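The residues making up each chain are set out below.
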Amino acid sequence: MKEVDALVIGGGFYGCHIALGLAELGFRRIRLIEREPSIMLRASYVNQARVHNGYHYPRSLPTGISSRRNFGRFVEEHAYAVLHDVEMVYGIARNSRVTGSQFARFCAEIGAPCRENMRAMTELFDPALVESCFSVTEIAFDSSALARDLLSRLDAAGVECRFGVSGRVAQWDDNSVLVETTDEPVQAHYVFNCTYAYLDDIGVRVRNKVKKELAEIALIQPPREMAGRAVTMMDGPFFSSMPFPAQSCYSLTHVRYTPHTSWTDAGDEALQFSGSRAQTMIRDAIRYMPCMRASTYLGSLYELKAILVKSEDSDSRPIVFEQSADTDRIYSVLGSKIDNIYDVLTYLKQKQWPLP
Ligand SMILES: Cc1cc2nc3c(=O)[nH]c(=O)nc-3n(C[C@H](O)[C@H](O)[C@H](O)COP(=O)(O)OP(=O)(O)OC[C@H]3O[C@@H](n4cnc5c(N)ncnc54)[C@H](O)[C@@H]3O)c2cc1C
């Protein structure tokens with residue numbers, strides 16, 4: 001039986017940062033288990049790679065403001081892993097829920113840079129379907145670069161990482177938690193459940209109900225008009241095409257076609273797959289951006305997206321940092337946007353973590 005101060009289950013961006021945060025707080029024996037062959041291979045890899053800066057939420061001022069809060073800090077601290085020389089273009093569709101002037105006003109209200117871009121409008125969009133076009137300050141991150149940096153920081157902090165190891169909470173008492181793993185049983189003073197879409201599937205009761213959604217991200221080689229650019233079509237059932245630096249290509253996602261099935265039961269048994277929708281995404285994008293006809297489809301990535309049921313009808317995507325109802329030794333953490341990591345670290349630092 002291995003004894004540790006803290007066991008982190010799940011080596012995504014959130015689990016890795018929590019392990020590092022605990023090391024900073026003075027925890028000595030920290031183990032992180034990840035059932036994939038390395039860290040950052042699930043949602044922290046298969047995502048749109050957007051460091052949000054508020055623009056996505058033109059119908060919710062508070063969400064826009066809170067989304068901007070962490071942008072500068074994240075970009076500064078991860079300069080090695082973000083693409084700086086990409087022009088981020090937001091097109092406003094004629095059937096959008098906001099008009100171009102409402103979008104520009106919203107950007108001014110949240111203090112986010114935004115300028116009308118006539119050149120991109122002419123080069124990229126069909127004016128019959130797109131009303132206006134803006135250049136904004138938003139950025140893509142390279143999750144492989146984040147993973148390399150995290151691996152070396154975990155090593156330097158003395159966090160013991162075990163890959164290809166799955167864990168399940170078996171029992172607990174006032175002082176510790178027993179976790180059965182596919183490696184060896186672990187007795188931990190604290191357990192951090194950072195398993196995202198599997199939050200409710202590792203033997204811990206979670207009060208915040210989570211909806212799981214199978215998401216498809218199409219990977220494409222973009223047309224030459226898109227070189228050095230990323231495009232987001234606002235505001236409604238439209239699409240985005242962003243650099244996907246980890247595979248030196250672009251992603252294409254669609255509000256209507258990226259989400260496949262969804263369910264709220266634990267685990268992924270309810271997952272049903274009825275084939276890729278990439279061609280439908282591309283066809284719809286071509287209507288607004290005729291140049292997309294010259295894009296090449298490379299393949300699709302699929303991942304489970306975890307959405308808090310209580311906030312699914314709003315734009316807000318808060319993180320969850322939940323102490324178990326059964327014991328103060330187990331905490332479940334649901335990651336949200338990548339740059340929301342700072343909110344979790346704040347929670348971690350606000351609490352006392354007595355160790356024997
Ligand atoms: C399709 C999609 C698009 C997104 N786009 C963006 C975006 O553009 N910008 C943004 O900021 N955010 C985006 N997100 C959200 C962001 O990717 C996630 O919020 C974030 O990566 C969550 O990190 P995590 O560490 O909580 O989860 P994960 O990275 O999924 O890590 C959880 C880990 O737990 C492991 N695990 C699960 N169960 C066990 C077990 N029993 N034992 C051991 N290990 C286990 C898994 O293998 C996994 O590696 C997107 C998410 C998705 C799915």
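Residues numbered from 1 in each chain as written. Predicted model: local features only at pLDDT ≥ 70, side-chain atom pairs only at ≥ 80, totals over all residues. Heavy atoms only, no water.

Looking at an unreviewed UniProt entry, one finds the protein named FAD-dependent oxidoreductase and attributed to Microvirga arabica.

Asker: Quick rundown of helix α8 (residues 341-350)? Include the residues and the values.
Answerer: What α8 keeps buried is the set Ile-341, Tyr-342, Val-344, Leu-345 and Leu-348. In a view along the axis of α8, the buried residues occupy a sector of 155°, so they form one face of it. Residues of α8 that are buried make contact with α1 (13-24), α3 (71-77), β12 (186-193), β19 (320-323) and β20 (330-334). (Buried < 20%, exposed > 50% of the residue type's maximum accessible area, 1.4 Å probe, protein only. Helix = DSSP H or I, 4+ residues; strand = E, 2+ residues; numbered from the N terminus. Arc of directions from axis to C-beta. Contact = heavy atoms within 4.5 Å.)

Asker: Can you break down the sheet that holds strand β3 (residues 50-51) residue by residue, with the values?
Answerer: Spatial ordering of the open sheet is given by β3-β8-β4, a layout of three strands whose pairing is antiparallel. Lying at the two open borders of the sheet, with one neighbouring strand each, are β3 and β4 (82-83). Of the strand pairs in this sheet, β3 and strand β8 (residues 139-141) are connected by two bridges, and their pairing is antiparallel. Bridging across to β8, Arg-50 finds its partner in Ala-140. (Pairing = 2+ DSSP bridges.)

Asker: Account for the pairing of β12, with residues named and values stated.
Answerer: Burial analysis of β12 places seven of its eight residues in the buried class, which makes it a mostly covered element. Across seven bridges, strand β1 (residues 2-9) lies against β12 in parallel orientation. Looking at β12, one finds that Lys-2 is bridged to Val-186. Relative to β12, strand β11 (residues 177-181) runs antiparallel, the two being bridged by three bridges. The partner of Val-177 across the bridge, within β12, is Ala-188. The hairpin turn running from β11 into β12, its antiparallel successor, is four residues long. As judged from the three bridges shared by β12 and β20, these two strands associate in the parallel manner.

Asker: Account for unusual backbone geometry, with residues named and values stated.
Answerer: A cis amide bond, omega -15°, links Met-234 with the succeeding residue Asp-235. Inspection of the secondary structure puts Asp-235 in the loop between β14 (229-234) and β15 (239-244). Of note, the phi angle at Tyr-196 is positive, near 55°, even though the residue is not glycine. In this structure, Tyr-196 sits in the loop between β12 and β13 (210-221). Here Ser-248, not a glycine, exhibits a phi torsion of approximately 45°, which is positive. Here Ser-248 lies in the loop between β15 and β16 (249-254).

Asker: Go over the state of the cysteines with me, naming the residues and quoting the values.
Answerer: Within the structure shown, the criterion is met by zero disulfides. Counting only cysteine sulfurs, Cys-114 is the nearest neighbor of Cys-107, a cysteine outside any disulfide, at a range of 3.9 Å. For Cys-107, a relative accessible area of 1% translates into the label buried. In this structure Cys-249 is not part of a disulfide, and its nearest cysteine sulfur, from Cys-291, lies 17 Å away. (Disulfide = S-S within 2.5 Å.)

Asker: Can you tell me about the domain arrangement of the protein, naming the residues and giving the values?
Answerer: Domains assigned within the protein are domain 1 (2-43 + 144-205 + 324-350) and domain 2 (83-140 + 210-311). Between domain 1 and domain 2, the contact holds 10 residues from the first and 13 residues from the second. Where domain 1 abuts domain 2, roughly 930 Å² becomes buried across the two surfaces, and 55% of that area is made up of carbon and sulfur atoms. Here Glu-303 and Arg-42 are joined by a salt bridge, their closest N and O atoms 2.9 Å apart. Taken together, domain 1 and domain 2 are joined by five residue pairs in polar contact (both at pLDDT 80 or more). Its residues placed into classes, the side of domain 1 that touches domain 2 shows six nonpolar, one polar and three charged. (Domains from an automatic or database assignment. Buried area = accessible area lost by both parts, 1.4 Å probe. Salt bridge = Lys/Arg side-chain N within 4 Å of Asp/Glu carboxyl O. Polar contact = N/O pair within 3.5 Å; in protein donor to acceptor, adjacent residues only side chain to side chain. Nonpolar A, V, L, I, M, F, W, Y, C, P; charged D, E, K, R; others polar.)

Asker: Residue-level account of the packing of helix α2 (residues 61-69) against helix α4 (residues 100-110), with values.
Answerer: Each pair of packed helices gets described by two things: the angle between the helix axes and the distance between those axes. Running from amino to carboxyl end, α2 crosses α4 at an angle of 55°, the nearest separation of the two axes being 10 Å. Here α2 lies oblique to α4, going by the angle between them. For the pair α2 and α4, the crossing hand works out as right-handed. Of the residues in α4, those in contact with Leu-61, Gly-64, Ile-65 and Arg-68 of α2 are Phe-106, Glu-109 and Ile-110. Residue classes in the contact of α2 with α4 are distributed as four nonpolar, one polar and two charged. (Axes fitted to C-alpha atoms, helices over the stretch in contact; angles between N-to-C directions. Parallel < 35°, antiparallel > 145°, perpendicular 65-115°, else oblique. Left-handed = near helix turned anticlockwise from the far one by under 90°.)

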